[in-house]
Amino acid sequence: MKEIVVIIGGGIAGLEAATQLLKLGHSPIIVEKSERLGGHVADWNRLFPDLTPAKDIVEELIASSKDANIFLKTEISFINRLKDSYNVMLSNGISISTRYILYTTGFKLFDAQKKEEYGYGIYNQVITNADLEQWFNTGKDKRISGKEISKIGFVHCVGSRDEKARNSQCSKVCCITAIKQAIEMKEKFPDAEIYCFYMDLRLFGKKFEDFYIKAQRDYGIHFIRGRVSEVSENIDGRVIVKAEDTLAGKPLKVTLDLLVLMSGMVCNPESTKAASMLSLPIDSDGFLQSCDNVFHITSSPRKGVYYAGACTGPKTVPETLAEARSAVLEIHSDITNQKK
């Protein structure tokens, strides 16, 4: 029995879900608010820990889901809950009747300007992880290109594990992303000294620890345990960073040519907006709340409504893809049971 499934979000979770639904004979409809597919991953250059080109992943997902109905530059205007289905009205005026909705609305990056003490938007040589990825992709950024870069710093946990920023959870991928970007910068500037300022290194994934050891052993990257306490700028436009090396038990002051802030993951406002239309619960961390955090993480409290990817919390690419497949199996199982 072919079923229409509305997928809200055209990032990698939405694309993978559409791919699997097509394989099972269903009719996925992707609703994406931006003008292109792939979400945040489409903005990244290479992915940890294998340095796989991000565009290869995105292009493969787009190609495998091409038979889905895809609406770009389209938003959800409202969702009406009917007796045993939902009426989904799109901003382009199209109305869709479906029994199944899959939220793959993802996340947004924490706005680094909110952490004024780090100087983003104030000092020219302070950038974010997203800015650096854009430079990796385009080679265009006057803060980096054409400059002599001899010292680079990375600040972990910007907007994550931070009660003042109202974001107490770990963003999961910042540590490994900082290591990846530090290695990439060392490859581009072999003579540069590179420092990573961290609270705790959380390297839980497959090959993550190996990647960290490689960064130290093969690239000579310095890892400093301790929060950055102050960032300022000298007369030459270089960035002065003060921190405490808690392992060495002494303060540290270093002058850098570039400081990169690892902005963490926070809930996408589009997630909560779309969730409010069905009165779906929001968790204490601001992300959508699953039925539980172990056994039913892709299920919502509403019948026929499912989640996949970073709409429920920070996720890696493999976790996101796995959740998309899991959610599709849940949907297909429900469809099959309805036929009996």
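Conventions adopted
Residues numbered from 1 in each chain as written. Predicted model: local features only at pLDDT ≥ 70, side-chain atom pairs only at ≥ 80, totals over all residues. Heavy atoms only, no water. Helix = DSSP H or I, 4+ residues; strand = E, 2+ residues; numbered from the N terminus. Rg over C-alpha atoms; globule rule 2.2 N^0.38 Å. Buried < 20%, exposed > 50% of the residue type's maximum accessible area, 1.4 Å probe, protein only. Contact = heavy atoms within 4.5 Å. Areas by Shrake-Rupley, 256 points an atom, 1.4 Å probe, with all protein chains shown as cover. Lys, Arg positive; Asp, Glu negative; His and termini not counted. Charge placed at Lys NZ, Arg CZ, Asp CG, Glu CD. Pairing = 2+ DSSP bridges. Axes fitted to C-alpha atoms, helices over the stretch in contact; angles between N-to-C directions. Polar contact = N/O pair within 3.5 Å; in protein donor to acceptor, adjacent residues only side chain to side chain. Arc of directions from axis to C-beta. Phe/Tyr/Trp six-rings, centres within 6.5 Å; stacked < 30°, edge-to-face > 60°.

A separate point is the overall build of the chain. Check the secondary structure of the chain and you find seven helices and 20 strands. Here the C-alpha radius of gyration of the chain, 22 Å, is about what a compact globule of 340 residues would show, namely 20 Å. A burial count over the chain gives 53% of its 340 residues as buried. At a minimum sequence separation of 6, the contacts of the chain that also span at least 24 residues come to 65%. Here the chain displays about 15800 Å² of accessible surface, and carbon together with sulfur accounts for 48% of that area. Separation between the mean location of the 44 positive side-chain charges and that of the 43 negative ones in the chain comes to 3 Å.

Strand order across the open sheet formed by five strands is β5-β2-β1-β9-β20, with parallel pairing between neighbours. With one partner strand each, in any of the chains shown, β5 (69–71) and β20 (305–307) form the two edges of the open sheet. Across the sheet, the mean angle from the axis of one strand to that of its neighbour is 20°, orientation sign disregarded.

The subject of this paragraph is the side chain of T312. Locating T312 in the fold gives a position in the loop between β20 and α7 (317–339). Judged by relative accessible area, which is 13%, T312 ranks as buried. Of the polar contacts made by the side chain of T312, one reaches the side chain of K315; its length is 2.7 Å. Those residues within four positions of T312 in sequence are excluded, and the remaining contacts are F287, L288, S290, I297, Y307 and E323.

On to helix α6 (residues 269–276), then. For α6, the full list of buried residues reads S271, A274 and A275. An end-on view of α6 places all buried positions within 100° of arc, on one side of the element. On its buried face, α6 sits against β6 (76–81), β9 (100–103) and β19 (265–267).

Let us now look at the packing of aromatic side chains. Summed over the entire model, instances satisfying the criterion amount to seven aromatic pairs. Centroid distance Y103 to Y307: 5.9 Å. Interplanar angle 75°. Geometry classified as edge-to-face. Placement of the pair is Y103 in strand β9 and Y307 in strand β20, with a sequence separation of 204 residues. Judged by its relative accessible area of 0%, Y307 is buried. The rings of F48, F204 and F208 are connected pair by pair, giving a single aromatic cluster.

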